[in-house]
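Now for the letters of each chain:
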Amino acid sequence: MSKIKKELGDQGEAQAAAYLHAQGYEVLERNWRWKRAEIDIIARYGRVIVFIEVKTRSYDYYGDPALSVTPAQQRRVADAANAYLIQVGHDGELRYDVISVVLRRGEPAEMMHYKDAFFPGVEAHFGESHYL
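The model shown is predicted, which means the values in this text are computed figures rather than measured ones. (Residues numbered from 1 in each chain as written. Predicted model: local features only at pLDDT ≥ 70, side-chain atom pairs only at ≥ 80, totals over all residues. Heavy atoms only, no water.)

Novice: With reference to specific residues and values, describe helix H2 (residues 71-88).
Specialist: Compared with the 26 Å implied by 1.5 Å per residue over 18 residues, the 26 Å span of H2 between its first and last C-alpha is a close match. Every buried residue of H2 is listed here: Gln73, Gln74, Val77, Ala78, Ala80, Ala81, Ala83, Tyr84 and Leu85. Those residues of H2 that are buried lie in contact with strand E1 (26-34), strand E2 (37-45), strand E3 (48-57) and strand E4 (94-102). Positive backbone phi, at 75 degrees, marks Gly89, one or two positions downstream of H2. (Helix = DSSP H or I, 4+ residues; strand = E, 2+ residues; numbered from the N terminus. Expected span 1.5 Å × (residues − 1). Buried < 20%, exposed > 50% of the residue type's maximum accessible area, 1.4 Å probe, protein only. Contact = heavy atoms within 4.5 Å.)

Right, here's the structure in full:
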């Protein structure tokens, strides 16, 4: 990954974490790794553990960045999430969200939060969203 792309991704994740915090989420982990998978943000919202994939782009020519979350990536996130849940001993509710971030130069960030964006093994629906 190029340095510029990594910096853009880091900026998007920072924006997403700040948004989540402002919405009452407790950010537990950032860039949590397990084997070949990485979960961008792990947060708690009430009693729910939320695994969040952040997709950041500097443009949206090809549509919402959230659409680039592939089924293979969803499986990797789910496998890592299972490992995390075992590690921390959480056996309650969980959720998989996606936050898309578009960072155009000189403009405020555009974010879209998709709650329950995917369920491992089921095609992503990006149903409930919150445009910010």
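Novice: I'd like to hear about the nonpolar core, residue by residue, with values.
Specialist: Core analysis: the largest hydrophobic core is formed by 21 residues, its most contacted members being Trp32, Ile39, Ile42, Phe51, Tyr96, Val98 and Phe118. Elements supplying a minimum of two residues to this core: E2, E3, H2, E4 and strand E5 (110-115). Among the elements that line this core, the one with the most residues is H2, at seven residues. Core analysis: the next-biggest nonpolar cluster, separate from the first, contains 16 residues, Leu8, Ala16, Val50 and Leu103 among them. (Core = buried A, V, L, I, M, F, W, Y, C linked by side-chain atoms within 4.5 Å.)

Novice: Give a description of the side chain of His90 that names residues and reports values.
Specialist: The topology assignment puts His90 in the loop between H2 and E4. Look past the residues within four positions of His90 in its chain and what remains in contact with it is Arg47, Ile49 and Leu85.

Novice: An account of the pattern of salt bridges is needed here, citing residue identities and associated values.
Specialist: The full count for this structure, using the stated rule, is five salt bridges. The partner of Glu53 in a salt bridge is Lys55, with the nearest N and O atoms 3.8 Å apart. Close ionic contact of Asp97 with Arg95 constitutes a salt bridge, the shortest N to O distance being 2.8 Å. Each of the two residues, Asp97 as well as Arg95, counts as buried. (Salt bridge = Lys/Arg side-chain N within 4 Å of Asp/Glu carboxyl O.)

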